[in-house]
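So you can see what is in the structure, the chains are spelled out below.
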Amino acid sequence: MQISQITRDTLDVTLLGKKPGHKYDHGHALVLSGGPGKTGAARMAARGALRIGAGAVTLGVPPAAQLEVAVQVTAIMLERIPDGAALADVLKDNRISALCLGPALGLGARAAGLVKAALAAPSVVLDADALTLMSQDAEICAGLHPRCILTPHMGEFARLAPDLAEAAKAERPSAKAWAAREAAARFGCVVLLKGPETVIATPEGHVRRHCATHDRATPWLATAGAGDVLAGFITGLLARGIDPLEAASMAAWLHAEAALTHGPGLIAEDLPDLLPQVLRALNVQAA
Ligand SMILES: NC(=O)C1=CN([C@@H]2O[C@H](COP(=O)(O)OP(=O)(O)OC[C@H]3O[C@@H](n4cnc5c(N)ncnc54)[C@H](O)[C@@H]3O)[C@@H](O)[C@H]2O)[C@@H](O)CC1
Ligand SMILES: Nc1ncnc2c1ncn2[C@@H]1O[C@H](COP(=O)(O)OP(=O)(O)O)[C@@H](O)[C@H]1O
């Protein structure tokens, strides 16, 4: 199995530059929020999507959480999305180019309906609770497509594919990469399996690895919500039209780089606002 390392040198920085155009030329990302008291994770993901350059980002909220979210966002827009039928309606707007769902979404009937409707979006990041729902419902698995990205941590991966999670723990050097590749083939979409070593695999068998170890060790990424921000970064890049493998790879590198730039004391909500500094250091230019 061939595994490419994701490093500064493999990043195509030109993809991060913005071409001339209006906001919708840079994509519109939709991030779905959980209910009252459960909106922080989606807000962090949405901020990540906006900071990485999506032209517009909307949070889709259940009506009961609208006020809670409205008092905490400014550049991010809001839309009431009570259920799957409402989401299907919102997705008729073909300016919405990427969707993210899962962070603190919940596991009830509303969340299950949303996950099914979400698969009609052009690009979809399924994280956290969306992955748990997927592991309980074959209909969701059947609707996955190559522009879906699953972003499990090892706990979620064990629910999605217990056999592969077991194999990933083997002492072989590429066990985790092998398990991610098998999962991508099984589900027919991109799989980004998180941890200090993050592996990204496509259904066609491409495998990439990002190591946040040695000189790139970022143990302070083990903080609640860091994965939610990563999901937002990927969504923002997908919204901009970047292909799933490239979007996942760039997001993994930028996420670790933001954590390295900050250092100890990092909390998840710092991550989106570290991006401008990281992009400047990369010398990202207007394209
Ligand atoms: N600020 C927020 O609003 C946050 C909300 N979050 C939400 O909280 C809910 C629970 O999220 P959890 O991630 O705890 O998931 P779960 O509660 O679904 O699973 C947790 C279990 O998975 C295992 N696990 C978790 N992370 C692991 C890892 N990196 N490697 C191996 N095993 C691991 C552990 O055994 C743990 O008991 C989700 O809805 C999630 O989106 C979290 O994302 C954290 C931040
Ligand atoms: N020790 C670590 N070193 C480097 N990166 C880590 C470490 N622990 C976690 N991460 C990264 O931080 C993020 C944590 O995501 P996740 O486990 O989903 O947490 P949460 O659900 O709280 O957002 C992932 O991107 C993961 O790769």
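- The name recorded for the protein chain in an unreviewed UniProt entry is ADP-dependent (S)-NAD(P)H-hydrate dehydratase, from Sulfitobacter dubius.
- We quote the UniProt Cofactor (unreviewed entry) comment for the protein chain here in full: "Mg(2+)".
- According to the UniProt record, the Function (unreviewed entry) comment for the protein chain reads "Catalyzes the dehydration of the S-form of NAD(P)HX at the expense of ADP, which is converted to AMP. Together with NAD(P)HX epimerase, which catalyzes the epimerization of the S- and R-forms, the enzyme allows the repair of both epimers of NAD(P)HX, a damaged form of NAD(P)H that is a result of enzymatic or heat-dependent hydration."

Topic: the sheet that holds strand β3 (residues 56–61)
Here is step 1: In spatial order, the strands read β1-β10-β9-β8-β7-β6-β5-β2-β3-β4; together these 10 strands make up an open sheet with mixed pairing. Only two strands of the sheet have a single neighbouring strand rather than two, namely β1 (3–5) and β4 (77–80). For this sheet, the mean inter-axis angle between neighbouring strands, taken without regard to orientation, is 20 degrees.

A word on the pairing of strand β10 (residues 207–211)
Here is step 1: Burial within β10 is extensive, with 4 of its 5 residues counted as buried.
Here is step 2: Relative to β10, β1 is paired through 3 bridges, and the arrangement is parallel. Following the sheet pairing, S4 is matched in β10 by R208.
Here is step 3: Direction of pairing for strand β9 (residues 197–201) relative to β10: antiparallel, over a ladder of 5 bridges. Residue T198 lies in a different strand from β10, and its bridge partner there is H210.
Here is step 4: In this structure, the hairpin formed by β9 and β10 is closed by a connection of 5 residues, where G205 is found at a positive phi of approximately 100 degrees.

Remarks on the packing of helix α1 (residues 40–51) against helix α10 (residues 226–239)
Here is step 1: The interhelical angle for the contact between α1 and α10, taken along N-to-C directions, is 40 degrees, at an axis separation of 7 Å. On the basis of the axis angle, α1 is oblique to α10. Of the two elements, α1 crosses α10, and the hand of that crossing is right-handed. Only D228, V229, A231, G232, F233, T235, G236 and A239 of α10 make contact with α1, whose side of the interface consists of A41, M44, A45, A46, R47, G48, A49 and L50.
Here is step 2: Partitioning the contact of α1 with α10 into residue classes produces 10 nonpolar, 4 polar and 2 charged.

Here's the deal with the site of ligand 2
Here is step 1: In the vicinity of ligand 2 there are 18 residues, among which H153, K194, L221, A222 and G227 approach most closely.
Here is step 2: Considering each element in turn, the shell around ligand 2 owes the most residues, 4 residues, to α10.
Here is step 3: For the shell around ligand 2, the residue count by class is 9 nonpolar, 7 polar and 2 charged.

Examining the UniProt feature "binding site: AMP" (unreviewed entry) in the protein chain
Here is step 1: As recorded in UniProt, the sites labelled "binding site: AMP" (unreviewed entry) are K194, G195, P196, E197, T198 and G227. Look at the named residues: they lie 34 residues apart in sequence, but the longest C-alpha span between them is just 13.6 Å, so in the fold they bunch up.
Here is step 2: Within the fold, G195 resides in the loop between β8 (190–193) and β9.
Here is step 3: Of the residues examined, G195 has 17 C-beta atoms within 10 Å and is grouped as partly exposed.
Here is step 4: Beyond its immediate chain neighbours, meaning those up to four positions away, G195 contacts H153 and M154.

About the criteria used
Residues numbered from 1 in each chain as written. Chains lettered and ligands numbered in written order. Predicted model: local features only at pLDDT ≥ 70, side-chain atom pairs only at ≥ 80, totals over all residues. UniProt positions renumbered as here; feature names shortened; annotations may be inferred. Pairing = 2+ DSSP bridges. Helix = DSSP H or I, 4+ residues; strand = E, 2+ residues; numbered from the N terminus. Axes fitted to C-alpha atoms, helices over the stretch in contact; angles between N-to-C directions. Buried ≥ 20, exposed ≤ 12 C-beta atoms within 10 Å, placed from the backbone. Parallel < 35°, antiparallel > 145°, perpendicular 65-115°, else oblique. Left-handed = near helix turned anticlockwise from the far one by under 90°. Contact = placed C-beta atoms within 7 Å. Nonpolar A, V, L, I, M, F, W, Y, C, P; charged D, E, K, R; others polar. Near = placed C-beta within 6 Å.

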